[in-house]
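Structure assessment
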Protein chains: 2
Amino acid sequence: MKTVPHRTVGRFTLYWHILKDLEQEQTHVYSHFLASKARLTAAQVRRDLMVLGYSGTPARGYDVRKLLDHIEAFLFPSTEQRIAIAGVGNIGRALLKFFAGRQPMLRIAASFEVNPEKYDRMVLGCPCYSIDNAGSVIRELGITVGIIAVPDKEAQFVANLFVAAGIKGIINFARTPLQAPPDVYVEDIDLARSMDKVAYFARQSLKSDSMMISKESHK
Amino acid sequence: MKTVPHRTVGRFTLYWHILKDLEQEQTHVYSHFLASKARLTAAQVRRDLMVLGYSGTPARGYDVRKLLDHIEAFLFPSTEQRIAIAGVGNIGRALLKFFAGRQPMLRIAASFEVNPEKYDRMVLGCPCYSIDNAGSVIRELGITVGIIAVPDKEAQFVANLFVAAGIKGIINFARTPLQAPPDVYVEDIDLARSMDKVAYFARQSLKSDSMMISKESHK
DNA sequence: TGAGCATTGTGAAACAATTCACATTAAATT
DNA sequence: AATTTAATGTGAATTGTTTCACAATGCTCA
Ligand SMILES: NC(=O)c1ccc[n+]([C@@H]2O[C@H](COP(=O)([O-])OP(=O)(O)OC[C@H]3O[C@@H](n4cnc5c(N)ncnc54)[C@H](O)[C@@H]3O)[C@@H](O)[C@H]2O)c1
Ligand SMILES: NC(=O)c1ccc[n+]([C@@H]2O[C@H](COP(=O)([O-])OP(=O)(O)OC[C@H]3O[C@@H](n4cnc5c(N)ncnc54)[C@H](O)[C@@H]3O)[C@@H](O)[C@H]2O)c1
């Protein structure tokens, strides 16, 4: 069994969205077209689609509906897969609103809080439990993915609860790199890192702009 | 002039934070220690630090204060660098709260909205302008980085305004891949993609768990 | 003073992801 | 039926990143 490149999996979501929009308008699509919509190269699109085991035809390209079916078979869980979110603050609330009803097979089924004013009630359409009950709730609901949106200092504590309860994938918004066993897939989303990185490359770009100008003027 | 790996730039923010915590406790640090805090290998830490042009000593490791100085010289702008954010909704508000006063040299100096109830006043400590004035405000304040937190359909429109006004780095939360010239650095943060990806790998991990169990029971 | 030692800096190897390049294919056209 | 055409699928090359492995270093302690 070959392992699928991580980035390819991420791009399937993108292709799915593009194809879904396209479905109404046309029955077939070429790799070139998908590539331009997704801001990639045609070769990369074809390389990604190889893992689906579905082939287009040279003359027609890919059948939009069939391609959607194959992406869905690959990407979407066949039975409902459940997600929990720890920390219903700024980030937690934004996520609850955003993911509500987005993908029926992938559902935020529970949230957890330390703050007694927030738990033991529905928050944005999702039941909120005390973090103390996380282990049993996760096991009872069969939750497999956890989102960490608690303050940095609490992140490892929550991750430990998640892992102990059998969660196999974590999205971590805290700035603390998490300790987790290798069979748990962790995706860190550190906005401060993104910010500093983009600011750095923006400066580089400005610098080379001004260098070009000074080069010009030396001519 | 050699170009610095993108991932390395991202990790400097992480090292900076770890070192900042450490500064009070100790004067020197080994690559091993930084690696364990950052969940990386010691070799990778040393490889990253190479680009700073600062060397530690075999016996003492790195001088915490000097290393911080070099990271700051590399990562932090020498004069205030300004950021704008378009769209003060769920994501926009969360970011405004989070980045307020985080790094004095890197400041969210303006936000933009279409909704007249939101603009022409302060929102969470940051002046909010009409998106129609984005071009002139960006130029006047010398803003170089833009954050896109508007609905997907508006994202390209806002990106075009940003690029035309001279912005050189964009963080894009919308799910639309953006068209931008090559001298503008774009970082896409697509939470739906992260979600689907983590869910996929969590399922794989569950599957191989149960395969191991069935292997065990066959022995 | 010098042997022992743990750590650094870095060339080279390994690995991962992307791009190139082209033989192959099936439809459209002659 | 043969020819032309523009796309696909993929081996090989390239690019980017991480890891390995070890000589060089400078501190400690005999
Ligand atoms: N807001 C942002 O834009 C932003 C950006 C980047 C990173 N982050 C990170 O995301 C995390 C959350 O940020 P936020 O702005 O939503 O914070 P927040 O303070 O608004 O929300 C955190 C919530 O977690 C709850 N909480 C605290 N400890 C808990 C525990 N042990 N178990 C369960 N719940 C607990 C709190 O009661 C609170 O409701 C932080 O680590 C922050 O660094 C946030
Ligand atoms: N909320 C989330 O957790 C989440 C997660 C993933 C992605 N996103 C993406 O982030 C973006 C914003 O999400 P949100 O939840 O904050 O949405 P939101 O609807 O809460 O906020 C969008 C804001 O943008 C403003 N706006 C609309 N058009 C504008 C324009 N042309 N110029 C300036 N402002 C404009 C609206 O008035 C609104 O205040 C969307 O593209 C969404 O897909 C959000």
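How each quantity is defined
Residues numbered from 1 in each chain as written. Chains lettered and ligands numbered in written order. Predicted model: local features only at pLDDT ≥ 70, side-chain atom pairs only at ≥ 80, totals over all residues. Heavy atoms only, no water. Buried < 20%, exposed > 50% of the residue type's maximum accessible area, 1.4 Å probe, protein only. Helix = DSSP H or I, 4+ residues; strand = E, 2+ residues; numbered from the N terminus. Pairing = 2+ DSSP bridges. Right-handed = clockwise from strand over helix to strand, strands pointing away. Core = buried A, V, L, I, M, F, W, Y, C linked by side-chain atoms within 4.5 Å. Contact = heavy atoms within 4.5 Å. Axes fitted to C-alpha atoms, helices over the stretch in contact; angles between N-to-C directions. Buried area = accessible area lost by both parts, 1.4 Å probe. Salt bridge = Lys/Arg side-chain N within 4 Å of Asp/Glu carboxyl O. Polar contact = N/O pair within 3.5 Å; in protein donor to acceptor, adjacent residues only side chain to side chain. Nonpolar A, V, L, I, M, F, W, Y, C, P; charged D, E, K, R; others polar. Near = heavy atom within 4 Å. Domains from an automatic or database assignment. Least-squares fit on C-alpha atoms with pLDDT ≥ 70 in both.

Before going further, it helps to spend a moment on the pairing of strand E4 (residues 106–113) of chain B. Residues and elements named next belong to chain B. With 7 of its 8 residues buried, E4 lies for the most part within the structure. Alignment of strand E3 (residues 81–86) against E4, held across 6 bridges, turns out to be parallel. Across the sheet, the residue bridging to Gln-81 is Leu-106, located in E4. One crossover worth recording links E3 to the parallel E4 by way of helix H5 (residues 90–99), and it is right-handed.

Before going further, it helps to spend a moment on the nonpolar core. The biggest cluster of nonpolar side chains holds 102 residues, and the ones touching the most others in it are Leu49(A), Leu67(A), Ile71(A), Leu49(B), Leu67(B) and Ile71(B). Those residues in contact with Leu49(A) that sit more than four places away from it in its chain are Phe12(A), Tyr15(A), Leu34(A), Tyr54(A), Tyr62(A) and Leu67(A).

Moving on: the sheet that holds strand E8 (residues 169–172) of chain A. Residue and element names in this part refer to chain A. If you walk across this open sheet you meet the 7 strands as E5-E6-E4-E3-E7-E8-E9, and the pairing is mixed. Looking along the sheet, the strands with just one partner apiece sit at the ends: strand E5 (121–123) and strand E9 (185–188). Neighbour-to-neighbour, the strand axes of the sheet open up by a mean angle of 30 degrees, direction not taken into account. Bridging between E8 and E9 involves 4 bridges; their strand directions are parallel. In the strand pairing of E9, Ile-170 is matched with Val-186. With respect to the sheet, helix H6 (residues 134–141) is in contact with strand E3 (81–86), strand E4 (106–113), strand E6 (126–130) and strand E7 (143–148), its orientation differing from that of E4 by roughly 165 degrees. Against the sheet, helix H7 (residues 152–164) engages E3, E4, E7 and E8, with an angle of about 180 degrees to E7.

At the junction of the two partners, chain B supplies 59 residues and chain A supplies 59 residues. The junction of chain B with chain A conceals about 5,800 Å² of combined surface from both sides, 66% of it contributed by carbon and sulfur atoms. One can count 4 salt bridges joining chain B with chain A. The salt bridge partner of Lys197(B) is Glu187(A), with a shortest N-O separation of 3.2 Å. Applying the counting criterion to the chain B and chain A interface returns 26 residue pairs in polar contact (both at pLDDT 80 or more). Take the side of chain B that touches chain A: its biggest share by element is 16 residues, from helix H8 (residues 191–218) of chain B. Of the residues contributing to the side of chain B that touches chain A, the split by class is 32 nonpolar, 12 polar and 15 charged.

Every one of the 21 residues lining DNA strand D counts as a neighbour, but Ser31(A), Arg47(A), Ser55(A), Tyr62(A) and Arg11(B) are closest to it. In this structure, a phosphate oxygen belonging to DNA strand D sits 2.7 Å away from a side-chain N or O atom of Tyr62(A). Arg11(B) is positioned with one of its side-chain polar atoms (N or O) 2.8 Å from a phosphate oxygen of DNA strand D. Secondary structure elements with two or more residues in the surface near DNA strand D: helix H2 (31–38) and helix H3 (42–50) of chain A together with helix H1 (6–22) and helix H3 (42–50) of chain B. When grouped by side-chain class, the residues that make up the surface near DNA strand D number 7 nonpolar, 8 polar and 6 charged.

What follows concerns the domain arrangement of chain A. When the parts of a complex come together, some accessible area is lost, and that lost area is often taken as the interface size. Entries for chain A in the domain assignment read domain 1 (6–75) and domain 2 (81–188). Centre-to-centre separation of domain 1 of chain A and domain 2 of chain A, based on C-alpha positions: 31 Å.

You can overlay chain B on chain A at an RMSD of 0.0 Å; the transform is a turn of 180 degrees with a shift of 0.0 Å along its axis. Look at the turn and shift together and you get a two-fold axis relating the two. When the interface residues of chain B are mapped onto chain A, 100% of them again lie at the interface, so the same face is used by both copies.

The next point concerns the pairing of E6(A). Residues and elements named next belong to chain A. Bridge count between E4 and E6: 3 bridges; the pairing is parallel. Bridging across to E6, Glu-113 finds its partner in Ser-130. Where E5 lies against E6, 3 bridges are found, and the strand directions are antiparallel. Residue Val-123 lies in a different strand from E6, and its bridge partner there is Cys-126. The antiparallel pairing of E5 with E6 creates a hairpin that spans 2 residues between the two strands, and Leu-124 there sits at a positive phi of about 50 degrees.

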